Amino acid sequence: MADCIRVPLLLLLMCIVSSLILGAGASLPRRRSTGWKLAEEGVCREDLTRLCPKHSWNNNLAVLECLQDKKEETEIAAECNHLLWNYKLNLTTDPKFESVAVEVCKTTISEIKECAAEELGKGYLVSCLVDHRGNISDYQCNQYITKMTTIVFSDYRLICGFMDQCRDDINALRCGSISTGEKDIHSQGEVIACLEKGLVREAEEQLGAHAIKDDCKKSIMRVAELSSDDFHLDRYLYFACREDRERFCENTLAGEGRVYKCLFNHKFEEAMSERCREALTTRQKLIAQDYKVSYSLAKACKSDLRKYHCSADSNMPRAREARLSYLLLCLESAVHRGRVVSGECQGEMMDYRRMLMEDFSLSPEIVLHCRSEIEGHCSGLHRKGRTLHCLMRVGRGDVGAIDPDCQRALQTLIQEADPGADYRIDRALNEACESVIQTACKHIRSGDPMILSCLMEHLYTEKMVEDCEHRLLELQYFIARDWKLDPILYKKCQGDAARLCHTHGWNETSEMMPPGAIFSCLYRHAYRSVEQGRRVIMETNNKGKLSRDCKVEVQRILHQRALDVKLDPELQRRCMTDLGKWCSEKTEAGQELECLQDHLEDLLSDCRDVVGNLTELESEDIQIEALLMQACEPVIQTYCHEVADNQINTGDLMECLVQNKHQKEMNEKCAVGVTHFQLIQIKDFRFSYKFKTACKEDVLKLCPNIKKKVDVVICLSTTVRNDTLQDAKEQRVSIKCRKQLRVEEVEMSEDIRLEPELYDSCKQDINRLCQNVAFGNAQVIECLKENKRQLTQRCHQRIFKLQENEMVDPELDYQLMRVCKHMIRRFCTESEGKNVLQCLKQNKNSELMDPKCKQMITKRQITQNTDYRLNPVLRKACKADIPKFCQPILNKATADSELEGQVISCLKLKYADQISRLCPEEAAAQEQTGQVEECLKVNLLKIKQEGCKKEVLNMLKESKADIFVDPVLHTACALDIKHQCAAIPPGRGRQMSCLIEALQDKRVRLQPECKKRLQDRIDMWSYAAKVAPADGFSDLAMQVMTSPSKNYILTVIGAGVALLFMGGLLCGRITKRVTQELKDR
């Protein structure tokens, strides 16, 4: 049926149009009344012959289209121009023009209510049909209206009502003349272009911009909208871009906005003419003000806009509702909520989001509010999004300061373009990071949001290039300030955010919960809340917990933010002053947080709180420190891979790295990073996650108001030690805390810097005596011990106290435990920690003993023999007497003072037959060099207490095996050892035997002091051999066999055994006597 109707209507259209053409020609002067044709007019014949193909001469509309599409004003004679103008004017004002429309578009008019209501006879009907031509489905009507549109749009004065509505603005803006002849009538499209530029200047609030009347604004936008499908209808752009169209879009068919899109895609090509680029930019700016100016976008998204009510907000003015930004935000919100938006519409949205990111000038707010920033920092970078990224760099604070309005405009633009959903939208980023994506992220599908996360994971690695690094951080700075701009985070956490943080829709904001605060809310629920100034684990009910997927994403974002302090809005806001004060010289990327941690005590309270919270979080999940993880990858893979793979907020990974800090796989960067974190941890016990978790209740109960970790450790360890010494029925420190406390004590003993008071006391001595000794492995502490006599008094006191603690608890002696690790496993697996050194001493001369361990044991023996207080066993004898007789002195004492002189003086008054009588001068000496012990050895015969005598005998026995453990003898004979026994290795009594042989050799002359001390030792050993108790049966047998009274001893033993045997026989005969009757049986 349609085909039957179409032929007559086409015939009717041809007849009507022919009559119209004849009628239009009849009104022109000197024209024949019938069969008039433009081709026959003399004023146009030359131009027609030169410019138009011959087959079009018989069709006036074809001739008109051909001549009016010529570019240069000089190509067509002025008289021909005037003739064409009059012809078009007569054609559009003739009543038959409207009647033809009524006849051809009868069905369409009845379907379009707005056009059916138009009053006839005023030309409004055709204008209405042109307005709604996108909705015209009838073929004949569509063809007719399209043809008429070409005629109408060739001159603004032919557009219904345009001249009346814009007359004043045209004159005010001096866009051209309304009078015929004053300007090229045929190219009056320039007037519309001038008005469009004026509209853009007004939107950007440029200096001196003219305020165009609302009616004229509507007319301008309507013309732009009506010319959106065919670029021929935008006369100014058509002439400006005709050659560029042939160059770039030769094979692109006209219609449906295809040529516009093609030209937009090539706008920043070098070969694009500046005039065409300017015209395209103006049209893009009009699209930004009203999305309907883009035919393809309006058509593709029409149903989706209606479906998601993107044009139904009655509270919003029409101008705002029509803006491209509003459309994009509305539809992006639907996509992020998981709603279905057609693929065609999403494709169009992608094109225009990319367009916004490429050219900042399409956003009036950017042009308006960022003018000074552009002029000051970003001029000359207009193309391919470079200006926008330059503004982002200014917004980050990398160069200069930025106006808050400009910052907000940038944030709004990033939300509209939403490059986080697809990195390809950001052309500058895409081009800068292409090589990195091809190598580091090739396993991820192109356009996937995870590409940005992948790039962040490779930040500061060898695969990253500098330009990509800058573009990435510039974009991430703004994404980090609105949680919705990370599509993966939004997808996984939108339910949790609505439930816990009271968020609204994707493109809605709330003053109560701004976008930047949402992530902080999610973070608090993912980890902990603050209670009484200390962080505690969130309650486990489902109402206050994040979903697993959301928590994973929160952790991912935290890992990214740790890479750059500016990616954490809260940190940057609160610490701006401190960053400038303390970290302005920290130029290396990613080092700002470490700098703030180093100056934690000096920071302002707000900054200190946020840095403390981040540090506490790092202790729980050290993988947040991405740079440290990269540096420590070899160690993690070798020693900590199981912990790293299975870690869920336990702090195990950092503990593993600390334990393996001195492995061969450990590189310098990782070691420095781990040590730095250890140094930060000592500033607050909360920074050690496992310690805090294990000992939180104990700290609150036993060590309230103590914050520094080292002070907390001292407080708790002192409590444990006191409970142990006092044999308390129940330890006040819990078992789990005691276990973790031991770990912390051992870790602190590894590096002197982890004990701030000791380090501060000895810093001067370290620079003087140990400047070439590396920190770590307790090497500096060992150096200070070896140079103890040269230390300043303050450092000496600290080292002495440290040695005293280590002798009581050898597990805190890091060097001893490290060097003798394998020997402890071999010989002392069953020994308690406090008896490890005693066990090692007993096995020192074993053939299986490691030489390095043996040397370390010798050092510790020497240390013990320099001061009786460093020998816990020897000191134990005075445990009851010192408090009994010297309590007043102890009451006045401070924890770090040395009281040896006072205590000994006190004891001297009480013991007439012991140290005060035997060793008065030596006991009074403040600086101990083994003199007390030497005195005891000399007076061995006079010592009556068996415990004391036994310990002195043990010291004599040890000194016989190794001269180094006898400091007095070693000092006296140092020169003789060097001259007589230099080639003999120490240990097993070899050097001692060498000296004895030298003493017996009359040809050798020993130093008098050495000779005297050596002879005394020989006498002591002789006595010791007589009185020393046997250590076992074999030792007893050896003493008997080597004794001069061997025969006598054996005779007595034999007689005793015989007597015992005879006694047994006699007792047996008496007790077991049998009666005669039993015998006779």
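In the annotation of an unreviewed UniProt entry, the protein is listed under the name Golgi apparatus protein 1 and assigned to Sander lucioperca.

Please explain the overall build of the protein as it appears in this structure.
Tallying secondary structure elements over the protein gives 64 helices and 2 strands in all. When each of the 1081 residues of the protein is scored for burial, the buried share is 50%. Looking at the protein as shown, the accessible area adds up to about 54200 Å², and 51% of this sits on carbon and sulfur atoms.

How do you make sense of the environment of P364 when you look at a structure like this?
Assignment of secondary structure puts P364 in helix α21 (residues 364–369). Those residues within four positions of P364 in sequence are excluded, and the remaining contacts are A203, E204 and R323.

Explain the packing of helix α45 (residues 779–786) against helix α50 (residues 851–864) here, please?
When two helices pack together, their arrangement is given by the angle between the helix axes and by the axis-to-axis distance. Remark: α45 packs on α50, axes separated minimally by 12 Å, with the N-to-C direction vectors making an angle of 50°. Between α45 and α50, the angle is such that the two are oblique. Between α45 and α50 the crossing geometry is left-handed. Contacts between α45 and α50 involve E782, K785 and E786 from the former and M856, K859 and R860 from the latter. Residues that form the contact of α45 with α50 fall into these classes: 1 nonpolar, no polar and 5 charged.

For this particular structure, what's the right way to read the state of the cysteines?
A complete count under the given rule lists 24 disulfides for this structure. Between the sulfur atoms of C105 and its disulfide partner C141 the distance amounts to 2.0 Å. The sign of the 100° torsion about the S-S bond sets the C105-C141 disulfide as right-handed. One end of the pair, C105, is in the loop between α5 (95–104) and α6 (106–111); the other, C141, is in helix α9 (residues 139–152), and 36 residues separate them in sequence. Overall, C105 belongs to the buried group, its relative accessible area being 0%.

What's the story with the confidence of the model for the protein in this structure? I'm lost.
Keep in mind that low pLDDT regions are not for reading the predicted coordinates in detail. On average, residues of the protein score 78 in pLDDT, and 75% of them are at 70 or above. In this model, residues 1–34 is a region of pLDDT below 50 whose contacts with residues beyond four sequence positions or in other chains number 38 contacts. Low confidence marks residues 314–318, where pLDDT is under 50. Its contacts with residues over four positions away, or in another chain, come to 3 contacts.

What is the right way to read the nonpolar core from this model?
Counting residues in hydrophobic clusters, the biggest one holds 105 residues, and the most contacted among them are L324, L331 and L455. With residues near it in sequence (within four places) discarded, L324 still touches I287, A288, Y291, L297, Y352, M355 and L356. L489, Y490, A497 and L500 belong to the second largest nonpolar core, which has 22 residues in total.

What is the right way to read helix α2 (residues 42–51) from this model?
Residues that lie three or four places apart on an α-helix share one face, since the helix turns once every 3.6 residues. Those residues of α2 that sit buried are C44, D47, L48 and L51. Buried residues of α2, viewed axially, fall in a sector of 105°; they line one side. Among the exposed residues of α2, those oriented more than 90 degrees off its buried face are G42, E46 and T49.

Help me understand the packing of aromatic side chains in this model?
Any aromatic ring pair is given by two values, namely how distant the centres are and how the planes are angled relative to each other. Applying the stated rule across the entire model yields 6 aromatic pairs. The ring of Y477 has R481 sitting right over it, with the charged end atom 3.6 Å from the ring centre. Its end group placed over the ring of F775, R753 keeps NZ or CZ at 4.2 Å from the ring centre.

Would you take a moment to explain the side chain of D244 for this structure?
Mapped onto the secondary structure, D244 falls in helix α13 (residues 235–248). For D244, a relative accessible area of 2% gives the class buried. There is a polar contact of 2.6 Å between the side chain of D244 and the side chain of S273.

Please explain the environment of Q284 as it appears in this structure.
Along the chain, Q284 turns up in helix α15 (residues 274–289). The contact partners of Q284, leaving out residues within four places of it in the chain, are F264, K267, M355, D359 and L362.

Can you walk me through the packing of helix α10 (residues 162–173) against helix α11 (residues 189–203) in this structure?
Contact pair α10 / α11: the axes reach a minimum separation of 11 Å and the direction vectors enclose 70°. Relative to α11, α10 is oriented roughly perpendicular. On α11, the residues touching F162, C166, D169, I170 and L173 of α10 are V191, I192, C194, L195, G198 and R201. When grouped by side-chain class, the residues that make up the contact of α10 with α11 number 8 nonpolar, 1 polar and 2 charged.

Whenever I open this one, unusual backbone geometry confuses me. Can you help?
Peptide bonds are trans in most cases, and residues, glycine excluded, mostly fall at negative phi. The backbone phi angle of E256 is positive, close to 55°, even though this residue is not glycine. When you line up the elements, E256 lands in the loop between α13 and α14 (258–265). Relative accessible area serves as the criterion here: at 36%, E256 is assigned to the partly exposed category. The phi torsion at Y460 lies on the positive side, around 65°, for a residue other than glycine. Assignment of secondary structure puts Y460 in the loop between α27 (450–457) and α28 (466–479).

Would you mind going over the pattern of salt bridges with me for this structure?
Note on pairing: side chains with opposite charge can pair once their charged atoms come close. The final tally for this structure, using the stated rule, is 54 salt bridges. Residues K261 and D351 are paired through a salt bridge, measuring 2.9 Å at the closest nitrogen-oxygen approach. Of the two residues, K261 is situated in helix α14 and D351 in helix α20 (residues 343–358); the sequence distance between them amounts to 90 residues. Here D351 falls in the partly exposed class, since its relative accessible area comes to 24%. In this structure, the salt-bridge partner of D405 is R408, at a minimum N-O distance of 2.2 Å.

Just checking my understanding: could you explain the environment of F162 for this structure?
With respect to the helices, strands and loops of the structure, F162 is situated in helix α10. With a relative accessible area of 0%, F162 lands in the buried category.

What counts as what
- Residues numbered from 1 in each chain as written.
- Predicted model: local features only at pLDDT ≥ 70, side-chain atom pairs only at ≥ 80, totals over all residues.
- Heavy atoms only, no water.
- Helix = DSSP H or I, 4+ residues; strand = E, 2+ residues; numbered from the N terminus.
- Buried < 20%, exposed > 50% of the residue type's maximum accessible area, 1.4 Å probe, protein only.
- Areas by Shrake-Rupley, 256 points an atom, 1.4 Å probe, with all protein chains shown as cover.
- Contact = heavy atoms within 4.5 Å.
- Axes fitted to C-alpha atoms, helices over the stretch in contact; angles between N-to-C directions.
- Parallel < 35°, antiparallel > 145°, perpendicular 65-115°, else oblique.
- Left-handed = near helix turned anticlockwise from the far one by under 90°.
- Nonpolar A, V, L, I, M, F, W, Y, C, P; charged D, E, K, R; others polar.
- Disulfide = S-S within 2.5 Å.
- pLDDT = per-residue confidence, 0-100.
- Core = buried A, V, L, I, M, F, W, Y, C linked by side-chain atoms within 4.5 Å.
- Arc of directions from axis to C-beta.
- Phe/Tyr/Trp six-rings, centres within 6.5 Å; stacked < 30°, edge-to-face > 60°.
- Lys NZ or Arg CZ within 6 Å of the ring centre and 35° of its normal.
- Polar contact = N/O pair within 3.5 Å; in protein donor to acceptor, adjacent residues only side chain to side chain.
- Salt bridge = Lys/Arg side-chain N within 4 Å of Asp/Glu carboxyl O.

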